[in-house]
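One letter stands for each residue in the lines below.
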Amino acid sequence: MQVLCDLDTIQEDQSKGFEIEGVSLFAVRKDGQVYVYQNQCPHLSIPLEYMPDQFLCSENYFIQCATHGALFEVDSGNCVSGPCVGDKLTQIESIVENNQIMIRLPESALA
Ligand code: FES
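Residues numbered from 1 in each chain as written. Predicted model: local features only at pLDDT ≥ 70, side-chain atom pairs only at ≥ 80, totals over all residues. Heavy atoms only, no water.

If you check an unreviewed UniProt entry, the chain appears there as Rieske (2Fe-2S) protein from Alkalimarinus sediminis.

See the structure below:
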């Protein structure tokens, strides 16, 4: 696994984008957990955010795609509203260790 960032880099109910080995990712902290996803909307395979590090809806409850407003559950990545309902974000394996967020990039993301 590799270090993504210090846990303190992201506050609860906040998100942050990263570029790791050419792969665009973002991490969200919610309910004391960390979730990491590939930054690619399943609708058109484009990045989700319209401003840096803004991956959440205005209530910070769902992950939101800025292009057509699709909403995704933070814990599962499932799309619950918008043009890609039934599809999901690609989750990246992650753990928190020694106050750092660690990730494992899948081969498919690196291809
Ligand atoms: S590109 Fe994300 S909802 Fe259309």
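**Quick word on the overall build of the chain**
Using the following cut-off: A run of H or I in DSSP counts as a helix once it spans at least four residues, and a run of E counts as a strand once it spans at least two, with each numbered from the N terminus. Both definitions apply: the radius of gyration is a C-alpha atom measure, and the globule rule equals 2.2 Å times residues to the power 0.38. Residue burial is assigned from relative accessible area. The probe radius is 1.4 Å, only protein chains are included, and a residue is buried under 20% of its type maximum, exposed over 50%, and partly exposed in between. Contacts: residue pairs with any heavy atoms within 4.5 Å of one another. For this count, His and the chain ends are skipped, Lys and Arg are scored as positive, and Asp and Glu as negative. Taken as the charge centre is NZ of Lys, CZ of Arg, CG of Asp or CD of Glu, depending on the residue.
Check the secondary structure of the chain and you find 1 helix and 9 strands. Element order for the chain, N to C, with α for helix and β for strand: β-β-β-β-β-β-β-β-β-α. On C-alpha atoms alone, the chain measures out to a radius of gyration of 13 Å, which is about the 13 Å that the 2.2 N^0.38 rule sets for 111 residues. Here the C-alpha coordinates of the chain stretch approximately 40 × 35 × 25 Å along the principal axes. For the chain, the proportion of its 111 residues judged to be buried stands at 38%. Long-range pairs, those at least 24 residues apart, make up 43% of the contacts in the chain with a sequence separation of at least 6. Taking the 5 positively charged and 16 negatively charged side chains of the chain as two groups, their mean positions are separated by 2 Å.

**Regarding the sheet that holds strand β6 (residues 71-73)**
Across a sheet, strands are paired by hydrogen bonds formed along the backbone, either parallel or antiparallel in direction. We apply this condition: Should DSSP find at least two bridges between two strands, the strands are taken to pair. Helix axes are fitted to C-alpha atoms over the stretch in contact, other axes to C-alpha atoms as well, and angles between N-to-C directions run from 0 to 180 degrees.
In space, the 3 strands of this open sheet follow the order β5-β6-β7, with antiparallel pairing throughout. Lying at the two open borders of the sheet, with one neighbouring strand each, are β5 (62-64) and β7 (79-81). Adjacent strand axes in the sheet meet at a mean angle of 40 degrees when their direction is disregarded. Note that β6 and β7 share 2 bridges and pair antiparallel.

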